[in-house]
Amino acid sequence: MSRAYNIAVVGATGAVGEEIFRILEEHNFPVGEILPLSSARSAGSEVECCGRKFKVQELTETVFDGHDIDIAFFSAGGSISAKFAKYAVEAGAVVIDNTSHFRMDPDVPLVVPEINPEDIGLWRETGIIANPNCSTIQMVLALKPLYDLYGGMERVDVSTYQATSGAGKSGMEELVKQMQDFFAFKLDESKHEAFLHQIALNVIPQIDSPQPNGYTKEEMKMVNETNKILHSDIAVSATCVRVPVLRSHSEAVTVTFPEGVEVDVDKCRLALSEFPDVEVQDDLEHGIYPMPITATDSDITFVGRIRRDLFAPNILHMWVVADQLRVGAATNAVRIAEKWIELEEV
């Protein structure tokens, strides 16, 4: 990378925004100036990145003017991106958007750099690159090497076990508060605001709003985004569940390959282990498999419990775990920025 790049982060004080600053520093990203942006409530506070402190400014329609921003990360909710992304683009920045607002726009590339980096080149249409849903990212990272190994897939069925981090700081704080109330014998008095129901000692089989087809919005994100990223027409069905885990999402994934395919588990393990940013942890006899507690704070997607179906030789089952705030959001966004720079500097 031949020069430094000026960065804006919208949602700078949120869980994903804070993680973006950490990852920029860890990746030795060529950071020039940083413009942290948030609501009026957080304006005036400070964030630290790359050994420097920066004052948070209020996000407005004109705040990008005069700052010469090259890359603007948006992580403050779909309505914020819908309203303000265009102002960053008009000021000359490429927007990398972590919300769902632009993902299915046919003119906006939806990118996981290890899978479809060539799509980044489409950013010039709108000035925007979309970051996929957190659960989609870790799943497609496990699907892609198997898709290539067998030349396609017929169907994917997935059940997710999604951590409270998926609801941001408020979700994690609510779980901690409810557990504190439990040990203080006050759980019956504990409020739930981040989730529809009590999350402590519970699982909630609904993430996001109901859709007319009986699925939730979160589940339909996984259906639609998977095929956009892979440029495929796989039948995907998802059941998304919130679990009382602080951080890192888990997924039980079942893959149906075309008729006539006989799954070779050893070949699948090898294909997964050789894929960028994927690691196989699969030794059931010795209790080695991916877990949220070991995936947290990692940029790797972990895959284990890899096994062929008992009744159909063309079906594979596996267990996929990754840190939602990193792999599922901030790390993928920074990786997009790194690949964008690489393509721009060619």
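Residues numbered from 1 in each chain as written. Predicted model: local features only at pLDDT ≥ 70, side-chain atom pairs only at ≥ 80, totals over all residues. Heavy atoms only, no water.

A. Spatial organisation of the pairing of strand β6 (residues 71-74). Covered by surrounding structure in β6 are Ile71 and Phe73 together with Ala72 and Phe74, the residues of both alternating faces. Two elements, β6 and strand β7 (residues 94-97), share 4 bridges in a ladder whose sense is parallel. Looking at the pairing, Ile71 lines up with Val94 of β7. Once the chain exits β6 it traverses helix α2 (residues 78-90) before rejoining the sheet at β7, and the crossover so formed is right-handed. (Buried < 20%, exposed > 50% of the residue type's maximum accessible area, 1.4 Å probe, protein only. Helix = DSSP H or I, 4+ residues; strand = E, 2+ residues; numbered from the N terminus. Pairing = 2+ DSSP bridges. Right-handed = clockwise from strand over helix to strand, strands pointing away.)

B. Seen up close, the pattern of salt bridges. Enumeration according to the criterion identifies 24 salt bridges in this entry. Among the ionic pairs, Glu18 bridges to Lys169, the shortest N-O distance being 2.7 Å. Residue Glu18 is found in helix α1 (residues 15-26), and its partner Lys169 is found in helix α4 (residues 168-183); the two are separated by 151 residues along the sequence. The exposure class assigned to Lys169 is partly exposed, which follows from its relative accessible area of 33%. Where Asp297 meets Arg22, a salt bridge forms, and the shortest distance between an N and an O atom there is 3.3 Å. (Salt bridge = Lys/Arg side-chain N within 4 Å of Asp/Glu carboxyl O.)

C. Up close: unusual backbone geometry. Look at Asp297: it is not a glycine, yet its phi comes out positive at around 75 degrees. Inspection of the secondary structure assignment puts Asp297 in the loop between α7 (292-295) and β13 (301-308). Judged by relative accessible area, Asp297 falls into the partly exposed class, the value being 42%. Positive phi outside glycine occurs at Arg305, with the angle close to 50 degrees. You can see Arg305 is positioned in strand β13. In this structure Arg305 comes out as partly exposed when scored by relative accessible area, which is 30%.

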